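Letter by letter, the chains look like this.
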Amino acid sequence: MSDLTPQSETPTPTTDKITQAARETIYLCNFRVSVDGEWLCLRELNDISLTPDPEPAHEDPKDPIAIERLNLMNMAKLSIKGLIESALNLGRTLDSDYAPLQQFFVVMEHCLKHGLKSKKTFLGQNKSFWGPLELVEKLTPEAGEITASVKDLPGLRTPLGRGRAWLRLALMQKKLSDYMKTIINRKDLLSEFYEPNALMMEEEGAVIAGLLVGLNVIDANLCMKGEDLDSQVGVIDFSMYLKDGGHSSKSAEGDGQITAILDQKNYVEELNRHLSASVNNLQAKVDALEKSNTKLTEELAVANNRIITLQEDVERVKEESSYQLDSRKASSADGQVLGETRKQLKEETQLRLDVERELEVQIGMKQEMELSMKMLEKDICEKQDALVELRQQLEDLRAINQQLSHKSQSADASSKQKSEAIARLEEKINQMSGTIKQLENSDKGLVKQARTLSATAGKLLQQ
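Computed from a prediction, not measured in an experiment: that's the story for all the values here.

(A) Main features of the overall build of the protein chain. The helix and strand inventory of the protein chain stands at 12 helices and 4 strands. Looking at the protein chain as a whole, 35% of its 463 residues qualify as buried. For the protein chain, contacts bridging at least 24 residues in sequence account for 74% of all contacts bridging at least 6.

See below:
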């Protein structure tokens, strides 16, 4: 749908292509859109009697502008509802090629174009909704980044392209609803760009702004570099909102398979997170053991030095005492000197006993460290078994992916999106396999470090 204004019903006698295009084009001004449950109903205005709806009771039901606003609001409801439901069922980040997302931008573009005033330039009359969107920067400073990014994007030559880029950036920022409410509340500024009966000036605009809040649950990853936003044709595809029983059953079956695969992927990711946390805890324990081992080695070296020094002192004292006993046996004062020497010898002996007790304590701590190293090796073995089980689950998951890819090849063109999701899932699985290999390498390094620590502890015990 390239225009929202009523078209002439008289056929133009030009060519068959123009006639065929006119037949296939659906104009909202000549049709009335109503929602019956989850169905979209279209009826020509000439075939039904226009009775006032209970909601907009204050408007003239025969006013085509009011009917356009109502139709645009219903289309916005359908597009937003369909986008949220499909995105939640798919369970992934949306990209630019997602068809419901493209249709949502087309509907928003028509909503913003409704009732725009024509501005005369030297190239002719121009209608663009980029002017109202620029007001958001003045009313909300947070929108300055989006406006600057749009102006810096290469390849955008028209205001229409800049407006489309602004909508995409606002959706990725999850602030589209806030920005729309900001400009709708300032109708004094919007009157410069819109007619008084435009959608943005009436209550339908506020309703659409409230519906946009639900889009905050969607994660969009849109790449606008290289995308031709200036020359895109904004046509609403009504077939997306009409139900097909057979296709829906196939889609439900495929969605169930994809949901099962995503559940398995989440389970594998959860196991991977637990394994990573366990590896981090083991690494912290190994670091603590290395620090304690270094400290104990230093303390043991200091204790050995003290023992050697005490032994030298004891030998020296013994030599001095024997020399003093031999040289001073005849004097009466020899008894007093000998008593002092014996007292000093007792003190040195007590000091040596204290050092030996400290050495025994250090040996006990070494034995406890050896026991903790054995427990660490046992934990590492258990983690290796968990890695083997995780690898088996990954192989099962790959087999399921292969079966699903074979089924998707035999399906019709509508299953291309599902095959793309499977390809992305396989890439994530390969990344997870690489991560698991890295974890296995890190576990091997931990085992080597544990063996090195055990050898070092044995050497220290032998010393």
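(B) Layout of the environment of Lys383. Relative to the helices and strands, Lys383 is located in helix 11 (residues 334-410). Judged by its relative accessible area of 23%, Lys383 is partly exposed. Not counting the four nearest positions on each side in its chain, Lys383 is found in contact with Leu275, Ser278 and Leu282.

(C) The side chain of Ser177, seen in detail. Summarising the element assignment, Ser177 is placed in helix 7 (residues 176-184). When sequence neighbours within four positions are dropped, the list of residues in contact with Ser177 reads Ala209, Leu212 and Val213.

(D) Highlighting helix 3 (residues 99-113). Between the first and last C-alpha of helix 3 there are 21 Å, a value that for 15 residues agrees with the 21 Å anticipated at 1.5 Å per step. Counting buried residues in helix 3 gives 12 out of 15 residues, a clear majority hidden from the surface. Within helix 3 the residues assigned to the buried category are Pro100, Leu101, Gln103, Phe104, Phe105, Val106, Val107, Met108, Glu109, His110, Cys111 and Leu112. The elements touched by buried residues of helix 3 are helix 2 (64-90), helix 4 (130-139), helix 6 (159-173), helix 7 and helix 9 (203-211). Of the residues one or two after helix 3, Gly115 is the one with positive phi, at around 75 degrees.

(E) Layout of the environment of Val388. With respect to the helices, strands and loops of the structure, Val388 is situated in helix 11. Spatially, the C-alpha atom of Val388 lies 10.0 Å from that of Ile436, the residues being 48 residues apart in sequence.

(F) Main features of the pattern of salt bridges. All told, the structure shown has 11 salt bridges when counted by the stated rule. Taking the shortest distance from any N to any O, the salt bridge between Arg164 and Glu109 comes out at 2.8 Å. Residue Arg164 is located in helix 6, and its partner Glu109 is located in helix 3; the two are separated by 55 residues in the primary sequence. For the pair shown, Arg164 and Glu109 are each scored as buried. Ionic pairing is found between Asp313 and Arg316, a salt bridge with its closest N-O pair at 3.6 Å. With Asp313 and Arg316 both in helix 10 (residues 245-327) and 3 residues apart, the pair spans about one turn of that helix. Within the structure, one salt-bridge network assembled from shared partners comprises Glu109, Lys113 and Arg164.

(G) Focus on the packing of helix 3 against helix 6. Closest axis-to-axis distance for the helix 3/helix 6 pair is 11 Å, and the angle between their directions is 125 degrees. Of the possible angle classes, the one that applies to helix 3 and helix 6 is oblique. Seen along the crossing, helix 3 lies across helix 6 with a hand that is right-handed. Here Leu101, Phe104, Phe105, Met108, Glu109, Leu112 and Lys113 of helix 3 come into contact with helix 6, specifically with Leu160, Arg164, Leu167, Arg168 and Leu171. Grouping the constituent residues of the contact of helix 3 with helix 6 by class yields 8 nonpolar, no polar and 4 charged.

(H) Structural detail: helix 9. Listed in full, the buried residues belonging to helix 9 are Glu204, Gly205, Ile208 and Ala209. End-on, the buried residues of helix 9 take up no more than an arc of 140 degrees, which puts them together on one face.

(I) The arrangement of the environment of Ser96 in detail. Along the chain, the position of Ser96 falls in the loop between helix 2 and helix 3. Between the C-alpha atom of Ser96 and that of Glu227, which follows or precedes it by 131 residues, the distance is 9.3 Å. Those residues within four positions of Ser96 in sequence are excluded, and the remaining contacts are Gln102, Asn221, Leu222, Cys223 and Glu227.

(J) The packing of aromatic side chains, seen in detail. Here the structure, examined in full by the defined rule, presents 2 aromatic pairs. When the ring of Phe104 is compared with that of Phe105, the centres are 5.6 Å apart and the planes differ by 55 degrees; the resulting orientation is tilted. A single burial state applies to Phe104 and to Phe105, both of which are buried. Ring plane angle 45 degrees and centroid distance 5.8 Å describe the contact between Trp166 and Tyr179, whose orientation is recorded as tilted. Note that Trp166 is positioned in helix 6 and Tyr179 in helix 7, a separation of 13 residues in sequence.

(K) Structural context of the nonpolar core. Counting residues in hydrophobic clusters, the biggest one holds 60 residues, and the most contacted among them are Leu101, Phe104, Trp166, Met180, Tyr194, Met200 and Leu215. For this core, the secondary structure elements donating two or more residues are helix 2, helix 3, helix 4, helix 5 (144-152), helix 6, helix 7 and helix 9. A per-element tally of this core places helix 2 first, with 11 residues. The residues contacting Trp166, other than those within four sequence positions of it, are Trp130, Leu133, Val136, Ile146, Thr147, Val150, Leu176 and Tyr179. Listed in part, the 24 residues of the second largest apolar core include Met369, Ile429, Met432 and Val447.

(L) Local environment of the confidence of the model for the protein chain. This prediction gives the protein chain a mean pLDDT of 76; 74% of its residues lie at or above 70. Across residues 1-15 the pLDDT falls below 50, and counting only partners more than four positions away or on other chains, this stretch makes 24 contacts in the model. Residue range residues 17-31 is modelled with pLDDT below 50. Its contacts to residues more than four positions away, or to other chains, number 29 contacts.

Parameters at a glance
- Residues numbered from 1 in each chain as written.
- Predicted model: local features only at pLDDT ≥ 70, side-chain atom pairs only at ≥ 80, totals over all residues.
- Heavy atoms only, no water.
- Helix = DSSP H or I, 4+ residues; strand = E, 2+ residues; numbered from the N terminus.
- Buried < 20%, exposed > 50% of the residue type's maximum accessible area, 1.4 Å probe, protein only.
- Contact = heavy atoms within 4.5 Å.
- Expected span 1.5 Å × (residues − 1).
- Salt bridge = Lys/Arg side-chain N within 4 Å of Asp/Glu carboxyl O.
- Axes fitted to C-alpha atoms, helices over the stretch in contact; angles between N-to-C directions.
- Parallel < 35°, antiparallel > 145°, perpendicular 65-115°, else oblique.
- Left-handed = near helix turned anticlockwise from the far one by under 90°.
- Nonpolar A, V, L, I, M, F, W, Y, C, P; charged D, E, K, R; others polar.
- Arc of directions from axis to C-beta.
- Phe/Tyr/Trp six-rings, centres within 6.5 Å; stacked < 30°, edge-to-face > 60°.
- Core = buried A, V, L, I, M, F, W, Y, C linked by side-chain atoms within 4.5 Å.
- pLDDT = per-residue confidence, 0-100.

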